[in-house]
Amino acid sequence: KETMVIEVQSKPPRPHWYERYVQPCVAELLGSALFVFIGCLSVIEDTVNTGRLQPALAHGLALGLAIAIMGGI
């Protein structure tokens, strides 16, 4: 006897509407808020000797942190 083998390829599951629309928007909002608030907080102290280095480092670290946390989304 011969048996017939039929391969059925199922479609990959579509992501839920929350993962597709809401989650990226929330991640963008939180990432931008983190970036802006850390940047603004870095210049509040306004120490004379720091100059432009402190805000630049704070913005760079905030951007790196936002990318590391929300990069998967």
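What counts and how
Residues numbered from 1 in each chain as written. Predicted model: local features only at pLDDT ≥ 70, side-chain atom pairs only at ≥ 80, totals over all residues. Heavy atoms only, no water. Helix = DSSP H or I, 4+ residues; strand = E, 2+ residues; numbered from the N terminus. Rg over C-alpha atoms; globule rule 2.2 N^0.38 Å. Lys, Arg positive; Asp, Glu negative; His and termini not counted. Charge placed at Lys NZ, Arg CZ, Asp CG, Glu CD. UniProt positions renumbered as here; feature names shortened; annotations may be inferred. Patch = residues over 30% accessible without salt bridge, like charges linked within 9 Å, V, L, I, M, F, W, Y side chains within 5 Å. Areas by Shrake-Rupley, 256 points an atom, 1.4 Å probe, with all protein chains shown as cover. Salt bridge = Lys/Arg side-chain N within 4 Å of Asp/Glu carboxyl O. Expected span 1.5 Å × (residues − 1). Buried < 20%, exposed > 50% of the residue type's maximum accessible area, 1.4 Å probe, protein only. Contact = heavy atoms within 4.5 Å.

Secondary structure summary: the chain contains 2 helices and 0 strands in total. Rg of the C-alpha trace for the chain: 23 Å, well past the compact-globule value of 11 Å for 73 residues, more than 25% over. Expressed as lengths along the three principal axes of its C-alpha atoms, the size of the chain is roughly 90 × 25 × 10 Å. Positive and negative side-chain charges of the chain, numbering 5 and 6 respectively, have mean locations separated by a distance of 13 Å.

Moving on, we come to the UniProt feature "transmembrane region" (unreviewed entry) in the chain. Under the local residue numbering, the UniProt record ascribes the feature "transmembrane region" (unreviewed entry) to residues 21–44 and 56–72. Spanning residues 21–44, this segment combines 92% helix with 0% strand, and its end C-alpha atoms are found 35 Å apart. A helix fraction of 88% and a strand fraction of 0% characterise residues 56–72, whose end C-alpha atoms lie 25 Å from each other.

A few words now on a nonpolar patch on the surface. Residues Met-4, Ile-6 and Val-8 make up a contiguous nonpolar surface patch of about 420 Å² in total accessible area. Considering the arrangement of structural elements, one finds Ile-6 in the segment before helix H1 (17–42).

This part covers H1. In this model H1 runs 37 Å from its N-terminal to its C-terminal C-alpha over 26 residues, within 8% of the 38 Å that 1.5 Å per residue would give. Residues of H1 that are buried: Ala-27, Gly-31, Gly-39 and Ser-42. Turning to H1, the residues buried within the fold contact helix H2 (53–70).

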